[in-house]
Amino acid sequence: MVPKAELHCHIEGAAPPELVERQAQKYGKDISAFVRDGAFVWHDFTSFLATYDAAAGLFRTGEDYALLAEHYLTGLAREGALYSEIFISPDHARTAGLPPAKYTDALGEGIRRAKEKTGIEARMIVTGIRHYGPEAVEAAARFAADCRHRLVTGFGMAGEERFGDSRDYIRAFDIARDAGLGITVHAGELAGWESVAAALDHYRPSRIGHGVRAIENPDLVRKIADESVVLEVCPVSNVALQVFPDFAHHPFPQLRTAGCRLTLNSDDPPYFATSLAREYEVAAQHFGLTEGELAGITRVAIEAAFVDERTRARLLASLEQHTPDETKL
Ligand code: ADE
Ligand code: ZN
């Protein structure tokens, strides 16, 4: 099994329908409007976000979130993952009635349990939600900067990329960067290459969530490659959300040929019928990556991870140890 690492998965979006159904029973809620025949119901990005918000609303206590993180990370480790960064959303927790510090403590507990069972290492990236507006994103950044949870190591922004003006979010990213947090931001998924260019100019991220629509501008692709900005690519999500019609039209191979540093990620796995293992399979089947090249993708993810240097060195040694000799490049 190829050793794997994931940098881009939203923990609320990682809850499978069976777990959401269990939560609905626990809270006596009818979820037939958004879970049918054991699958989430949505048909475009807006309805995806609505279902996502409704499902997230069924995680309300610390134990609900600890269970979710433990469940996701334990499964991920069984797929061969050595490392995971989960995007977390204090806004979703607060809406569900859980204060942000209790939320991070609970997720930290889930991470601890998963590590104890499987050895998987994990960190949390606090995300602001763009369409909640600049003040909400700034509040999320301030929470990330002040929370002092040792597993909160990054800050990012998710949500509707086409909402608002990029400049209005500069202060949020300044707060997070000044606190020493790693910076990533969703761009170039639902919005075009201009959103990636603006994100690079305004927020100075070391990574971009998706970023794949940079392909629309060759100068921008060159800049991403030259500046070693890492793209958190989520191929199955992109096709499910119709960013590209199919894998044959996905720009992964062109971005790779252009020298961009790429990683593979599942984004919101049960919504898109995917998993981290499936993303690696897609890269092998549709983009022609060999096992050695897939291990190289894992290496890029570990190199770009928001971890201290000792942990990075340990993860790189573990990657080396778990990569079969005959697949080494
Ligand atoms: N939140 C959860 N999944 C997302 C995605 N694919 N794009 C933007 N925001 C998200
Ligand atoms: Zn995402």
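Throughout what follows, the structure given in this document is the object of discussion.

1. Some points on the overall build of the chain
Point 1. The number of helices and strands found in the chain is 14 helices and 10 strands.
Point 2. Expressed as a percentage of the 329 residues in the chain, the buried residues total 60%.
Point 3. For the chain, restricting intrachain contacts to residue pairs at least 6 apart in sequence, the fraction spanning at least 24 positions comes to 73%.
Point 4. Between the mean site of the 35 positive side-chain charges and the mean site of the 48 negative ones, the chain shows a separation of 5 Å.

2. Considerations on the sheet that holds strand β7 (residues 182–187)
Point 1. Strand order in the open sheet formed by eight strands is β1-β4-β5-β6-β7-β8-β9-β10, with parallel pairing between adjacent strands. On the outer flanks of this sheet lie β1 (4–10) and β10 (261–264), each paired with one strand and no other. Each strand of the sheet is rotated relative to its neighbour by a mean of 25°, with strand direction disregarded.
Point 2. Summarising the sheet, β1 and strand β4 (residues 81–88) pair through five bridges and their orientation is parallel. Of the residues in β4, the one forming a bridge with Lys 4 is Ala 81.
Point 3. Lying on the sheet, helix α8 (residues 193–203) is in contact with β6 (152–158), β7 and β8 (207–210); it crosses β7 at an angle near 155°.

3. Some words on unusual backbone geometry
Point 1. Even without being a glycine, Asp 37 presents a positive backbone phi close to 50°.
Point 2. The topology assignment puts Asp 37 in the loop between β2 (35–36) and β3 (39–40).
Point 3. One non-glycine residue, His 210, lies in the positive phi region at around 75°.
Point 4. Given a relative accessible area of 0%, His 210 falls into the buried group.

4. Focus on the coordination of the zinc ion (ligand 2)
Point 1. Distances from the zinc ion (ligand 2) to its protein donors, namely His 8 (NE2), His 10 (NE2), His 186 (NE2) and Asp 267 (OD), fall within the range 2.1 to 2.3 Å.
Point 2. Look at where the donors of the zinc ion (ligand 2) fall in the sequence and you get H-x1-H-x175-H-x80-D. Taken together, the residues span a long stretch of sequence, with His 186 in strand β7 and Asp 267 in the loop between β10 and α12 (276–287) at a distance of 81 residues.
Point 3. The class for His 186 is buried, based on a relative accessible area of 7%.
Point 4. Of the residues examined, Asp 267 reaches a relative accessible area of 3% and is grouped as buried.

5. Description of the packing of aromatic side chains
Point 1. Taken as a whole and assessed by the stated rule, the structure comprises 14 aromatic pairs.
Point 2. Judged by centre distance (5.3 Å) and plane angle (40°), the ring pair of Phe 48 and Phe 272 falls under tilted. Of the two residues, Phe 48 sits in helix α2 (residues 45–56) while Phe 272 sits in the loop between β10 and α12, which places them 224 residues apart along the sequence.
Point 3. Judged by relative accessible area, Phe 48 falls into the buried class, the value being 3%.
Point 4. With relative accessibility at 6%, the residue Phe 272 sits in the buried group.
Point 5. Centre to centre, the rings of Phe 155 and Phe 173 are 5.3 Å apart; their planes meet at 65°, and the pair counts as edge-to-face. Residue Phe 155 is located in strand β6, and its partner Phe 173 is located in helix α7 (residues 170–178); the two are separated by 18 residues in the primary sequence.
Point 6. Look at Phe 155 and you get buried, because its relative accessible area is 0%.
Point 7. Through a chain of ring-to-ring contacts, the aromatic side chains of Phe 40, Trp 42, Phe 45, Phe 48, Tyr 52, Tyr 271 and Phe 272 assemble into a single cluster.

6. Focus: the nonpolar core
Point 1. Core analysis: the largest hydrophobic core is formed by 95 residues, its most contacted members being Ile 11, Val 20, Tyr 65, Leu 73, Phe 155, Ile 208 and Ile 224.
Point 2. In terms of residues, this core owes the most to one element, helix α3 (residues 62–78), which gives seven residues.
Point 3. Dropping the residues within four chain positions of it, Tyr 65 is found in contact with Glu 12, Ala 56, Phe 59, Arg 60, His 92, Ala 93, Leu 98, Tyr 103, Ala 106 and Leu 107.
Point 4. Formed by 14 residues, the second largest nonpolar core is a distinct cluster that contains Leu 82, Val 230, Val 300 and Ala 304.

7. So, the pattern of salt bridges
Point 1. Scanning all chains against the criterion turns up 28 salt bridges.
Point 2. Here Arg 314 ties to Glu 121 by a salt bridge, and the two come within 2.4 Å at their closest N and O atoms. Here Arg 314 is found in helix α14 (residues 309–322), whereas its partner Glu 121 is found in strand β5 (residues 121–129), with 193 residues between them in sequence.

Rules and cut-offs
Residues numbered from 1 in each chain as written. Chains lettered and ligands numbered in written order. Predicted model: local features only at pLDDT ≥ 70, side-chain atom pairs only at ≥ 80, totals over all residues. Heavy atoms only, no water. Helix = DSSP H or I, 4+ residues; strand = E, 2+ residues; numbered from the N terminus. Buried < 20%, exposed > 50% of the residue type's maximum accessible area, 1.4 Å probe, protein only. Contact = heavy atoms within 4.5 Å. Lys, Arg positive; Asp, Glu negative; His and termini not counted. Charge placed at Lys NZ, Arg CZ, Asp CG, Glu CD. Pairing = 2+ DSSP bridges. Axes fitted to C-alpha atoms, helices over the stretch in contact; angles between N-to-C directions. Donors = N, O, S within 2.8 Å, 3.2 Å for Na, K, Ca; no water. Phe/Tyr/Trp six-rings, centres within 6.5 Å; stacked < 30°, edge-to-face > 60°. Core = buried A, V, L, I, M, F, W, Y, C linked by side-chain atoms within 4.5 Å. Salt bridge = Lys/Arg side-chain N within 4 Å of Asp/Glu carboxyl O.

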